[in-house]
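Below, each chain spelled out in residue letters.
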Amino acid sequence: MMPTRLIAALVCLPALAATLPAAQAAPQSTRPGRPTAEAKPAPKPPSLDDLFARLRASEDPAEAKGIARLIERHMAGSGSPTVDLLTDRARQAVTAHDFPLAAELMDRVTALEPNWSEGWNRRATVFWLLTDKDDALADLRRALVLEPRHFEAWAAMGRIYESLDDKARALAAFRRAKALYPQMEKVGEAINRLTPEVDGRDL
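How each quantity is defined
- Residues numbered from 1 in each chain as written.
- Predicted model: local features only at pLDDT ≥ 70, side-chain atom pairs only at ≥ 80, totals over all residues.
- Heavy atoms only, no water.
- Helix = DSSP H or I, 4+ residues; strand = E, 2+ residues; numbered from the N terminus.
- Buried < 20%, exposed > 50% of the residue type's maximum accessible area, 1.4 Å probe, protein only.
- Contact = heavy atoms within 4.5 Å.
- Areas by Shrake-Rupley, 256 points an atom, 1.4 Å probe, with all protein chains shown as cover.
- Salt bridge = Lys/Arg side-chain N within 4 Å of Asp/Glu carboxyl O.
- UniProt positions renumbered as here; feature names shortened; annotations may be inferred.
- 1 Å grid on protein atoms, 1.4 Å probe; cavity = no way out; pocket = protein on both sides within 12 Å on 5 of 7 lines; lining within 4 Å.
- Points joined across faces, edges and corners; volume = space filled by probe spheres on them.
- Nonpolar A, V, L, I, M, F, W, Y, C, P; charged D, E, K, R; others polar.
- Axes fitted to C-alpha atoms, helices over the stretch in contact; angles between N-to-C directions.
- Parallel < 35°, antiparallel > 145°, perpendicular 65-115°, else oblique.
- Left-handed = near helix turned anticlockwise from the far one by under 90°.
- Phe/Tyr/Trp six-rings, centres within 6.5 Å; stacked < 30°, edge-to-face > 60°.

> Would you explain the overall build of the protein chain in this entry?
Broken down by element type, the protein chain carries 10 helices and zero strands. For the protein chain, the sequential pattern of α-helices and β-strands runs α-α-α-α-α-α-α-α-α-α. Buried residues in the protein chain amount to 32% of all 203 residues. For the protein chain, contacts bridging at least 24 residues in sequence account for 50% of all contacts bridging at least 6. Entry remark: accessible area of the protein chain is about 13,300 Å², with carbon and sulfur atoms responsible for 57%.

Given below as structure tokens:
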């Protein structure tokens, strides 16, 4: 009669044999010299400098508009959840035509994040809606000190100067906007309209 331990060992042999190839395969995958599957790193998003360079170089209006939106998104975040919340509430106040409330909220934004260019640009928009052109221009200048490539701020400055009949400064601001964003809508039209009056007509 076969001993009980031997019977148990024989019963286990088929199961052991079935697992043997898998057990042997595991170490092979880690042998030196064999390539291992590695996850490719995610591509880095383009920097703000890259986006501005692409915007200047783009000759396709649709492509340029898409790049401009990426730039606007890049600059829209203040880095402070509190400031972003206040800015969004100011936007809602503008939508509701409560411009004094929007101005009050943007006052708090610029006080909390004085180095955020977009905060000054947005407060300038509120001042424009309140027909306070002097304060709007002052805020746009502050925005452009912080970010000289802010094409929206240059375009807004051009519109305000034109409304004040300061055509020379308006033309200069529109030209700055166009240099940064050559495909920017309506800026080219403004330049064509103002150039003969400021620079004189060609003979």
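> When you look at the pattern of salt bridges in this model, what are you seeing that I'm missing?
Working definition: two side chains of opposite charge can pair if their charged atoms are close together. Under the criterion given, the structure shown has 12 salt bridges. A salt bridge links Asp-49 to Arg-149; its shortest N-O distance comes to 2.7 Å. Of this pair, Asp-49 sits in helix 2 (residues 48-57) while Arg-149 sits in the loop between helix 7 (133-146) and helix 8 (151-163), and the two are 100 residues apart along the sequence. A relative accessible area of 48% means that Asp-49 is categorised as partly exposed. Owing to a relative accessible area of 22%, Arg-149 belongs among the partly exposed residues under this scheme. Here Lys-65 makes a salt bridge to Glu-185, at a shortest N to O gap of 2.9 Å.

> Which parts of the structure should I look at to understand the UniProt feature "repeat: TPR" (unreviewed entry) in the protein chain?
UniProt tags residues 117-150 and 151-184 as "repeat: TPR" (unreviewed entry). From the first C-alpha to the last, residues 151-184 spans 9 Å; its make-up is 79% helix and 0% strand.

> Any chance you could explain the layout of surface pockets here in plain terms?
One simple way to see leftover space: roll a probe sized like a water molecule over the atoms. By volume, the largest pocket is sized at about 200 Å³. Along the walls of the largest pocket sit Asn-121, Ala-124, Thr-125, Trp-128, Leu-129, Ala-136, Leu-140, Glu-152, Ala-156, Arg-159 and Ile-160, which together make up its complete lining. Counting residues per element, the ones that place at least two in the lining of the largest pocket are helix 6 (117-129), helix 7 and helix 8. By residue number, the principal contributor to the lining of the largest pocket is helix 6, which donates five residues. Residues belonging to the lining of the largest pocket are distributed by class as follows: seven nonpolar, two polar and two charged. Volume-wise, the second largest pocket comes out at about 160 Å³.

> I keep staring at the packing of helix 8 against helix 9 (residues 167-180) and nothing clicks. Help me out?
When two helices pack together, their arrangement is captured by the angle between the axes and the distance separating the axes. It is at 8 Å that the axes of helix 8 and helix 9 come closest, and there the two elements cross at 160°. Accordingly, the angle class assigned to the pair helix 8 and helix 9 is roughly antiparallel. Relative to helix 9, helix 8 is oriented so that their crossing is left-handed. In this structure, helix 8 contributes Phe-151, Trp-154, Ala-155, Met-157, Gly-158, Arg-159, Tyr-161 and Glu-162 to the contact, and helix 9 contributes Arg-169, Ala-170, Ala-173, Phe-174, Arg-176, Ala-177 and Leu-180. Class assignment for the residues of the contact of helix 8 with helix 9 results in 10 nonpolar, one polar and four charged.

> Please clarify how the packing of aromatic side chains should be interpreted in this entry.
Two measures describe an aromatic ring pair: the distance that separates the ring centres and the angle between the ring planes. Taken as a whole and assessed by the stated rule, the structure comprises two aromatic pairs. Between Phe-151 and Tyr-181 the ring centres are 5.1 Å apart and the planes differ by 75°, which places this aromatic pair in the edge-to-face class. Here Tyr-181 lies in the loop between helix 9 and helix 10 (187-199) and Phe-151 lies in helix 8, a separation of 30 residues in the sequence. Looking at Phe-151, the relative accessible area reads 1%, which means it is buried. Among the aromatic residues, those joined into a cluster by ring pairs are Phe-52, Phe-151 and Tyr-181.

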